[in-house]
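Residues per chain are reported as follows:
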Amino acid sequence: MSKRLDYAQISPAGVKALGGVYGYVMQSGLSPVLVDLAYLRVSQINNCAYCLDMHTRDLLSKGVKVEKLALVQAWREGGDLFDLRERAALAWAESVTLVAQTGVPDAAYEAARAVFNERELVDLTIAIGLMNTYNRMAISFRNTPQAVMEQ
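Report on the accompanying structure. These figures come from a predicted structure and were not determined experimentally.

The geometry of helix 2 (residues 12-26) relative to helix 3 (residues 32-46) is characterised by a closest axis approach of 10 Å and an angle of 135 degrees between their N-to-C directions. Here helix 2 is positioned oblique relative to helix 3, judged by the angle of their axes. Across the interface between the two elements, Y22, V25 and M26 from helix 2 touch P32, V35 and Y39 from helix 3.

For the rest of this paragraph, the subject is the nonpolar core. Counting residues in each nonpolar core, the largest one holds 26 residues, and the members touching the most others are Y39, W92, F116, L124 and I128. Elements supplying a minimum of two residues to this core: helix 2, helix 3, helix 6 (84-97) and helix 9 (118-140). With eight residues, the single largest contributor to this core is helix 9. When near neighbours in sequence (up to four residues on either side) are disregarded, L124 contacts L30, L34, A38, A89, W92 and F116.

Before going further, it helps to spend a moment on the environment of E67. Within the element layout of this structure, E67 appears in helix 5 (residues 66-70). By relative accessible area, E67 is classed as partly exposed at 49%. On a C-alpha basis, the gap between E67 and L81 in space is 8.7 Å, while along the polypeptide they are 14 residues apart.

Definitions and cut-offs
Every chain is numbered independently, its residues counted from 1 as its sequence is written. Local features in this predicted model are restricted to residues whose pLDDT is 70 or higher, and side-chain atom pairs enter the listing and the counts only when it is 80 or higher, whereas totals over whole chains, interfaces and linings include all residues. Excluding hydrogens and water, the side-chain figures rest on all heavy atoms present in the structure. Axis angles are defined between N-to-C directions and span 0 to 180 degrees, where every axis is a line fitted to C-alpha atoms and, for a helix, only to the segment in contact. A run of H or I in DSSP becomes a helix once it reaches four residues, and a run of E becomes a strand once it reaches two; helices and strands are each numbered from the N terminus. For classification purposes, angles smaller than 35 degrees are called roughly parallel, those larger than 145 roughly antiparallel, those between 65 and 115 roughly perpendicular, and all remaining angles oblique. In this analysis, two residues are considered to be in contact whenever any of their non-hydrogen atoms come within 4.5 Å of each other. For the purposes of this section, nonpolar cores are sets of buried Ala, Val, Leu, Ile, Met, Phe, Trp, Tyr and Cys residues that join through side-chain atoms within 4.5 Å. Only protein chains enter the accessibility calculation, which uses a 1.4 Å probe. A residue is then buried if its area is under 20% of the maximum for its type, exposed if over 50%, and partly exposed in between.

Read these as geometric descriptors, not functional statements.
Laid out in structure tokens, this is it:
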């Protein structure tokens, strides 16, 4: 699969705007590992190889063990590998990413609100929306994952 176009070169202001949102999320006070786990789960749902590769590498560089990364897709069975906030973030990421199917029901909202304050939940939802956008850009324009380029 070859890259279709370089959207960062074609629309630098648009990519910069997305980067601004990313910067906001990173300074929001949410744990960087929690955010990256949500990014990874969103990217799994969307089957975005480019972002899966990137966020797996990011989490490994932050000291997350490969055993935990291997179970992100099945986090509900991951037991104590995922703490309460991580489980809540992964559940929220799934519901929000699959909004056309889930409608993000009241039960999902209430479960997330039991763990996150209002600001945290809004910021987490911004992060989830951003990753969905990045996934759509990378998939649509066929960004090549670093792992493929290293071969």
